[in-house]
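Next come the chains, spelled out residue by residue.
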2 protein chains.
Amino acid sequence: MEHGIPATQRGRKHLLVREYVRSLIVDAEPGSPAPSERDLVEQFGVARMTVRHALDGLVAQGLLERIPGRGTFVTKPLIDMQMRLSSFSEEMERRGKVPESRTLLARRETAGPGLARALETEVGSPIVHWERLRLADGQPIAIQHVYLSLETFPRFLDDALPASLYYAFADRDLMPTWGEDSVVAAVATEDEAESLELEPGAPVLHISRRSFCREVAVEVTRSIYRADRYTLWVPVLRPEHLR
Amino acid sequence: MEHGIPATQRGRKHLLVREYVRSLIVDAEPGSPAPSERDLVEQFGVARMTVRHALDGLVAQGLLERIPGRGTFVTKPLIDMQMRLSSFSEEMERRGKVPESRTLLARRETAGPGLARALETEVGSPIVHWERLRLADGQPIAIQHVYLSLETFPRFLDDALPASLYYAFADRDLMPTWGEDSVVAAVATEDEAESLELEPGAPVLHISRRSFCREVAVEVTRSIYRADRYTLWVPVLRPEHLR
DNA sequence: ACGATAGCGAGGTCTAGCCCACTTCGACTG
DNA sequence: CAGTCGAAGTGGGCTAGACCTCGCTATCGT
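Note that the structure is a prediction, hence the values are computed from the model and not measured.

A. Focus on the packing of helix α1 (residues 13-25) of chain A against helix α3 (residues 48-60) of chain A. Residues and elements named next belong to chain A. In the contact formed by α1 and α3, the axes pass within 8 Å of each other and the chain directions differ by 50°. Here α1 lies oblique to α3, going by the angle between them. The chirality of how α1 crosses α3 is right-handed. On α3, the residues touching Lys13, His14, Val17, Arg18, Val21 and Arg22 of α1 are Thr50, His53, Ala54, Leu55, Gly57 and Leu58.

Structural data, given as structure tokens:
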């Protein structure tokens, strides 16, 4: 049987089955049936437990839905129920806009108590403070302050500033995998209003983010978004145990 | 063998094992080992596949971590990486505050185009509009407007208003399981400022939520939070395929 | 003293069945 | 014609083994 997926690994037949079924359902209609477990057993010549293990993964990912007595079906691709840790550029591109960035400030500072706690370092330790104006389709959207520990990113300011912060993370194998946002409303200060081309007192959205790679706090960003040009969208799930 | 969990259900031995292990690890130190799979096989007199199935659930929930060659261990309870669909009361209780609610308005209205689209009904169809002031420890926190379709909740206004909206959902088997929030900054209007005991022009956080049960839009809420008393916290994960 | 290695126990994968509960649907029956 | 009943097929759960790789460690040989 040839399924186009080479069995590069010994064992792991369940991955073969899983990827085969995944290839079937990527462009299948929601609600259409997947092959039955016993069919797959016959097709691949494996035990049913193996097929079940393979499908378990797709069910866990929400691609398939099992209905006892009826079969296994392709789910309606609900929504990515996970808020994504994405950069400003990624987010604007997803919205079909052209991102742009102008550096307003990039210098060495020392950590105050708040930053020290957020970056898990000591008060007075050296910090990079990089402030950029972020635009989409040429219109100012946000002011973004990035804070990095110079202990984590030695000589960061000695070289040219990276085109994207995420290159710097990738280079050092510190790409963040998770984080937390704190969101609060505020009104624009005079400086902010000037950069964002607003009147002082106009509402702005403050988003403070701590990003982590494994257990280490990699960056702290504080972004000030024009409320009239940016709405935060957050998908939410009700936890299983409260349903 | 007595583990305190009655085997109310025939079959489902894996649930017995799962809940036993869960009871062991709820107050175990992160990093401490769980019983080995073969130990559990002996303790419960079940097959190893059954034990593995039991542990699979705990691993999927992020409570346990398998390390090949070493064992299975209690994970550091990182963070609930999922923004929770919780009510105002639930959220305030989680923050250790006493929630309170004062109804400002409860009446029948008809859907305008925006509401009709959000509630997936037609323009002009009957709507419940329920406005409440939400307090925590006696302090005003937010104004919450709830909109329900009277088609989904017939006679909602004929009875006494429910103590919690979630009772109304539970009664009708329409408990929302997922939703989406849109978050934006604004400044308080005069009316809002008065209710929230703010000066007009003070920043407020607008959170618009659509909640769904299965595929039906159950409720739309529009909440106006005092920015000085409420910060939204959002956990974020970087999607697997971008790591 | 130190390094190589063998053994043990851990999880990872897999087999070839078994019975159960449930849904569906067609055939049979009153 | 309507209702019932059962066969076929589905996923759910389970067994009692098997062999694999990996991490650790104790022991043995140099």
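B. Representation of helix α2 (residues 37-44) of chain A. All names here are of chain A. The set of residues buried in α2 consists of Glu37, Leu40 and Phe44. For α2, the angular spread of the buried residues around the axis is 60°, confining them to a single face. Set apart from the buried face of α2 by more than 90 degrees, the exposed residues are Arg38 and Glu42. Backbone geometry just downstream of α2 places Gly45 in the positive-phi region, at approximately 65°.

C. Just unusual backbone geometry, in detail. Residue and element names in this part refer to chain A. Of note, Glu120 is a non-glycine position whose phi angle comes to about 55°, a positive value. The residue Glu120 is located in the loop between α5 (113-118) and β4 (126-136) in this model. Of note, the phi angle at Asp137 is positive, near 50°, even though the residue is not glycine. Looking at the element boundaries, Asp137 is found in the loop between β4 and β5 (139-149). According to the relative accessible area criterion, Asp137 is partly exposed, its value standing at 45%.

D. The packing of helix α1 (residues 13-25) of chain B against helix α2 (residues 37-44) of chain B, seen in detail. All names here are of chain B. At a closest axis distance of 12 Å, the pairing of α1 and α2 adopts a crossing angle of 120°. Helix-helix and strand crossings are classified by hand; for α1 and α2 the assignment is right-handed. Facing Leu16, Val17, Tyr20 and Val21 of α1, the residues of α2 in contact are Leu40, Gln43 and Phe44. Its residues placed into classes, the contact of α1 with α2 shows 6 nonpolar, 1 polar and no charged.

E. Molecular detail of the environment of Gly69 of chain A. Residues and elements named next belong to chain A. Mapped onto the fold, Gly69 is located in the loop between β1 (64-67) and β2 (71-74). On the accessibility criterion, Gly69 (90% relative accessible area) is exposed. For Gly69 and Glu190, which are 121 residues apart along the polypeptide, the C-alpha to C-alpha distance reads 65 Å.

F. Quick peek at the sheet that holds strand β9 (residues 232-237) of chain A. Ordered in space as β9(A)-β6(B)-β7(B)-β8(B)-β5(B)-β4(B)-β3(B), the 7 strands form an open sheet in which the pairing is antiparallel. Since the sheet does not close on itself, it has two edges, and those belong to β9 of chain A together with β3 (99-110) of chain B, each with one partner. Each strand axis lies, on average, 20° off the axis of its neighbour in the sheet, ignoring direction. As judged from the 10 bridges shared by strand β7 (residues 203-213) of chain B and strand β8 (residues 216-226) of chain B, these two strands associate in the antiparallel manner. Looking across to β8 of chain B, one finds that Val204 of chain B is bridged to Arg226 of chain B.

G. A look at the sheet that holds strand β6 (residues 178-187) of chain A. One open sheet holds the 7 strands; their spatial order is β3(A)-β4(A)-β5(A)-β8(A)-β7(A)-β6(A)-β9(B), and the pairing between them is antiparallel. With one partner strand each, in any of the chains shown, β3 (99-110) of chain A together with β9 (232-237) of chain B form the two edges of the open sheet. Sheet twist, expressed as the mean angle between neighbouring strand axes with direction ignored, is 20°. As defined by bridge partners, β4 of chain A adjoins β5 of chain A across 10 bridges and the pair is classed as antiparallel. Note that in β5 of chain A the partner of Val128 of chain A across the bridge is Leu148 of chain A.

H. Inspection of the protein's contact with DNA strand D at higher detail. Taken together, 28 residues form the shell around DNA strand D, and within it Arg66 of chain A together with Arg12, Lys13, His14 and Thr50 of chain B come nearest. Those atoms of DNA strand D that come within 4 Å of the protein belong to sugar or phosphate at a rate of 66%. Within the backbone of Ala47 of chain B, a nitrogen or oxygen atom sits 2.7 Å from a phosphate oxygen of DNA strand D. Within the contact set of DNA strand D, a phosphate oxygen lies 2.6 Å away from a side-chain nitrogen or oxygen of Thr50 of chain B. Those elements that place two or more of their residues in the surface near DNA strand D are α2, α3, β1 and β2 of chain A together with α1 and α3 (48-60) of chain B. If you tally residues by element for the surface near DNA strand D, the top one is α3 of chain B, at 4 residues. For the surface near DNA strand D, the class distribution of residues is 7 nonpolar, 10 polar and 11 charged.

Parameters at a glance
- Residues numbered from 1 in each chain as written.
- Chains lettered and ligands numbered in written order.
- Predicted model: local features only at pLDDT ≥ 70, side-chain atom pairs only at ≥ 80, totals over all residues.
- Heavy atoms only, no water.
- Axes fitted to C-alpha atoms, helices over the stretch in contact; angles between N-to-C directions.
- Helix = DSSP H or I, 4+ residues; strand = E, 2+ residues; numbered from the N terminus.
- Parallel < 35°, antiparallel > 145°, perpendicular 65-115°, else oblique.
- Left-handed = near helix turned anticlockwise from the far one by under 90°.
- Contact = heavy atoms within 4.5 Å.
- Buried < 20%, exposed > 50% of the residue type's maximum accessible area, 1.4 Å probe, protein only.
- Arc of directions from axis to C-beta.
- Nonpolar A, V, L, I, M, F, W, Y, C, P; charged D, E, K, R; others polar.
- Pairing = 2+ DSSP bridges.
- Near = heavy atom within 4 Å.
- Polar contact = N/O pair within 3.5 Å; in protein donor to acceptor, adjacent residues only side chain to side chain.

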